[in-house]
Amino acid sequence: MGEARGQQKGGDVRSVWLRPRRSSRGEPPLTRARIVEAAVALLDEEGIERLTMRRLAERLTVMAPSLYWHVDTKDDVIDLAVDAIFGEVPPATGHASHWRDDVSAVLTAWRAALLRHPWAAAVPARRRPTIGPNFLAWMEILQATLVRAGFTEKSLSAATWALYNHVMGSAASESALHITDEERRVGQDQLQTQRDRYPTLAARGYLYDDDWDGSFTTGLAYLLDGLEVQLNRAR
């Protein structure tokens, strides 16, 4: 019901942020804000696989058709929920003495927001734009900082996506990867028995490498080092 309705009403505009909102005239006593709050709670408790319009309606103690006054599809709900988590903590305002410090602050807070809501880390992999107002506030600060540093046009786009992919990939991997201590032990033992084929993985304890914070911070430093080199070359 919801998918068909969304296709008819929205045409090629699938994003909830780009479609006009319905008139409030005759609106039932249910608000978009209540829907989003309930959706975030449901997603936090049970994960994205368990989210359905029926389960969300049950949580709100309404009939499912009431939801369709405010959203057309489950994807709309997810888009709204993702943007809501970026509104929980406003991004830093970007007044550090060096542009690298501002970039680090924004990406670190961005990653923390995703890790507080692990279901959200995989959502941007869907073929829908992340263009809610809260997320755009974060992206505005990131790009404004890069422009202040000297990035323009194609270099700005490349720098933005390199940083975006780093924070999203880090959060998605940390949220999705679940390995037990026994799996680590058995897996590393297998690498040892095949060390002729995987000498580096066997020697370096590949399956015991789970310093997510350290890897994120060091990887970000590598990226920023490279971006700074590109700026110096351009000058």
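On a predicted model such as this, the values are computed, not experimentally measured, just so you know. (Residues numbered from 1 in each chain as written. Predicted model: local features only at pLDDT ≥ 70, side-chain atom pairs only at ≥ 80, totals over all residues. Heavy atoms only, no water.)

A. Highlighting the overall build of the protein chain. Counting secondary structure elements, the protein chain contains 11 helices and 0 strands. Written out in order from the N terminus, the α and β elements of the protein chain read α-α-α-α-α-α-α-α-α-α-α. By the burial criterion, 37% of the 235 residues in the protein chain qualify as buried. Across the protein chain, contacts joining residues at least 24 apart in sequence account for 74% of those joining residues at least 6 apart. For the protein chain, the exposed surface amounts to about 13,800 Å²; the carbon and sulfur share of it is 53%. (Helix = DSSP H or I, 4+ residues; strand = E, 2+ residues; numbered from the N terminus. Buried < 20%, exposed > 50% of the residue type's maximum accessible area, 1.4 Å probe, protein only. Contact = heavy atoms within 4.5 Å. Areas by Shrake-Rupley, 256 points an atom, 1.4 Å probe, with all protein chains shown as cover.)

B. Geometry of the nonpolar core. Core analysis: the largest hydrophobic core is formed by 54 residues, its most contacted members being Leu107 and Trp110. Where this core is concerned, the elements lending two or more residues are helix 2 (32-46), helix 3 (53-60), helix 5 (74-86), helix 6 (99-116), helix 7 (133-149), helix 8 (153-176) and helix 11 (212-234). Both domains that furnish three or more residues to this core are identified here as domain 1 (32-72) and domain 2 (92-234). Beyond its immediate sequence surroundings of up to four residues, leucine 107 is in contact with Leu142, Leu163, Val167, Phe216 and Leu220. (Core = buried A, V, L, I, M, F, W, Y, C linked by side-chain atoms within 4.5 Å. Domains from an automatic or database assignment.)

C. Quick look at the side chain of serine 170. With respect to the helices, strands and loops of the structure, serine 170 is situated in helix 8. Residue serine 170 is classed as buried on the basis of its relative accessible area of 11%. Among the polar contacts made by the side chain of serine 170, one reaches the side chain of arginine 111 at a distance of 3.3 Å. Apart from residues lying up to four places away in sequence, serine 170 is in contact with Arg111, Trp212 and Phe216. (Polar contact = N/O pair within 3.5 Å; in protein donor to acceptor, adjacent residues only side chain to side chain.)

D. Highlighting the UniProt feature "DNA-binding region" (unreviewed entry) in the protein chain. In this structure's numbering, the residues bearing the UniProt feature "DNA-binding region" (unreviewed entry) are residues 52-71. Between the end C-alpha atoms of residues 52-71 there is a gap of 13 Å, over a span that is 60% helix and 0% strand. (UniProt positions renumbered as here; feature names shortened; annotations may be inferred.)

E. Summary view of helix 5. The end-to-end C-alpha separation of helix 5 is 19 Å, in line with the 18 Å expected for 13 residues at 1.5 Å each. When you tally the buried positions in helix 5, you get 10 out of 13 residues, the bulk of the element. Considered for burial, the residues of helix 5 that qualify are Asp76, Val77, Ile78, Asp79, Leu80, Ala81, Val82, Asp83, Ile85 and Phe86. Summarising the contacts, the buried residues of helix 5 are in contact with helix 2, helix 3, helix 6 and helix 7. Its side-chain oxygen at 3.3 Å from the backbone nitrogen of aspartate 75, threonine 73 defines the N-terminal cap of helix 5. (Expected span 1.5 Å × (residues − 1).)

F. Main features of the packing of aromatic side chains. Under the definition given, this model contains 7 aromatic pairs. Joined through ring pairs, the aromatic side chains of Phe86, Trp110, Phe135, Trp138, Trp161 and Tyr164 make up one cluster. (Phe/Tyr/Trp six-rings, centres within 6.5 Å; stacked < 30°, edge-to-face > 60°.)

G. Structural detail: unusual backbone geometry. Although it is not a glycine, threonine 61 sits at a positive phi angle of roughly 55°. With respect to the element layout, threonine 61 can be found in the loop between helix 3 and helix 4 (64-67). For glutamate 153, which is not glycine, the phi torsion reads 50° and is therefore positive. Structurally, the position occupied by glutamate 153 is in helix 8. Judged by its relative accessible area of 71%, glutamate 153 falls in the exposed class.

H. Helix 11, seen in detail. An ideal rise of 1.5 Å per residue puts 33 Å on 23 residues; helix 11 measures up with 33 Å between its terminal C-alpha atoms. For helix 11, the set of buried residues is Phe216, Gly219, Leu220, Leu224, Leu227 and Leu231. Buried residues along helix 11 sit in contact with helix 6, helix 7 and helix 8.

I. How the structure looks around the pattern of salt bridges. On inspection of all chains with the given rule, the structure shows 12 salt bridges. Note that arginine 185 is salt-bridged to glutamate 182, the shortest N-O span being 2.6 Å. Remark: glutamate 182 and arginine 185 occur in helix 9 (residues 181-193); sequence separation between them is 3 residues, near one turn of the helix. (Salt bridge = Lys/Arg side-chain N within 4 Å of Asp/Glu carboxyl O.)

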